[in-house]
Amino acid sequence: MSWDLSEWLEFYRRDREGCMAAVFAREDRHALCYALFSRLFDGLREKYRALGIGDRIYEDTRSDLEIWRENCRAEFGEDGLHNWQWLQNHLDLRLYRLGRLQFEPWAPEGRLALNVHVPQGEPLAYDAVQASYREAYRFYRGMTRRFTCHSWLLSPVLREILPESANIVRFGLDYGEVRFDPDDRQCEERVFGFGKVTDDFASYPQDTSLRRAVRERLLAGGKMGAGAGEFLLEV
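Nothing here was measured: the structure is a model prediction, and the numbers come from that model.

What counts and what doesn't
- Residues numbered from 1 in each chain as written.
- Predicted model: local features only at pLDDT ≥ 70, side-chain atom pairs only at ≥ 80, totals over all residues.
- Heavy atoms only, no water.
- Pairing = 2+ DSSP bridges.
- Helix = DSSP H or I, 4+ residues; strand = E, 2+ residues; numbered from the N terminus.
- Axes fitted to C-alpha atoms, helices over the stretch in contact; angles between N-to-C directions.
- Contact = heavy atoms within 4.5 Å.
- 1 Å grid on protein atoms, 1.4 Å probe; cavity = no way out; pocket = protein on both sides within 12 Å on 5 of 7 lines; lining within 4 Å.
- Points joined across faces, edges and corners; volume = space filled by probe spheres on them.
- Nonpolar A, V, L, I, M, F, W, Y, C, P; charged D, E, K, R; others polar.
- Phe/Tyr/Trp six-rings, centres within 6.5 Å; stacked < 30°, edge-to-face > 60°.
- Buried < 20%, exposed > 50% of the residue type's maximum accessible area, 1.4 Å probe, protein only.

Asks: Provide a residue-level description of the sheet that holds strand E6 (residues 226-232), including the pertinent values.
Replies: Here six strands make up an open sheet; going across it, the order is E1-E2-E3-E4-E6-E5 and the pairing mixed. Every other strand in the sheet has two partners, leaving strand E1 (96-98) and strand E5 (179-181) as the edge strands with one partner each. On average, each strand axis in the sheet is tilted by 30° relative to the strand beside it, whichever way the strands run. When strand E2 (residues 101-106) meets strand E3 (residues 113-117), the two strands line up antiparallel, connected through five bridges. Across the sheet, residue Phe103 finds its bridge partner in E3, namely Val116. Contacts from helix H4 (residues 55-76) reach E1 and E2 within the one sheet, and its direction differs from that of E1 by about 115°.

Structure below.
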């Protein structure tokens, strides 16, 4: 497929919402969306350099584009991009990947914090996670040592069905007591795949220890849910 991407880029810069509505009205929406956002991310490199942000952070942050390309392929069976709204955070310089984790500053309840996101695709090794928190503290020049997270990875159920030594459990324990939402089904989406969530729990694959544990919990009538919490980094 070929498009005049210069026209689409101009359209996007002039009217972002109108542009994306036009993109998703097309049959080739996913392919065009990926091509457009690839060009937008290309233009982001110079913005990083102007801010004194190194190429490694640029490349790591850009890697989310490929992650969501894979998710589009898994969910829709098409090569391209669907979740463009999430990637606005990257393009608008609100979110950066610093090591294993992604961070965005925000103010919950009047207090400044760094909100944590966990990109898929790599082991959640505890040492890498801790290094990422420290890098974020330095990157944001010590503006806060408070970190917040809302994720299926913070579900307290994981502590019941996985060994205490599991990386996922160790990640969640940093956040202590969490607010639990039992009806959130993000866990199933992330463990079994985008577009694969179903009420037929017996159909879920059992090819990893995590998948087996989650499947057994659901078949027993339990819910996985998600949690939200915060912790203070020791510096």
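We are not done yet, so read on.
Asks: Explain the layout of surface pockets to me, using residue names and the numbers behind them.
Replies: To find the voids left in a structure, one rolls a probe of water-molecule size over its atoms. Taken as a whole, the largest pocket holds about 940 Å³ of empty space. In this structure, the largest pocket is lined by 38 residues; those nearest its centre are Val118, Pro119, Gln120, Trp152 and Arg190. Contributing elements (two or more residues each) for the lining of the largest pocket: H4, E3, strand E4 (146-151), helix H8 (167-173), helix H9 (186-192) and helix H10 (209-219). Broken down by class, the residue content of the lining of the largest pocket amounts to 19 nonpolar, 13 polar and six charged. If you add up the space inside the second largest pocket, you get close to 210 Å³. Lining the second largest pocket we find 13 residues, and of these Trp106, Pro108, Thr148, Arg179 and Glu230 sit closest to its centre. Where the lining of the second largest pocket is concerned, the elements lending two or more residues are E4 and E6. For the lining of the second largest pocket, the class distribution of residues is four nonpolar, four polar and five charged.

Asks: Got a sec to walk through the packing of aromatic side chains? Specific residues and values, please.
Replies: According to the stated counting rule, one finds 16 aromatic pairs in the structure shown. Ring centres 5.5 Å apart and planes at 20° place the aromatic pair Phe147 and Phe231 in the stacked group. Here Phe231 lies in strand E6 and Phe147 lies in strand E4, a separation of 84 residues in the sequence. For Phe147, a relative accessible area of 0% corresponds to the buried category.

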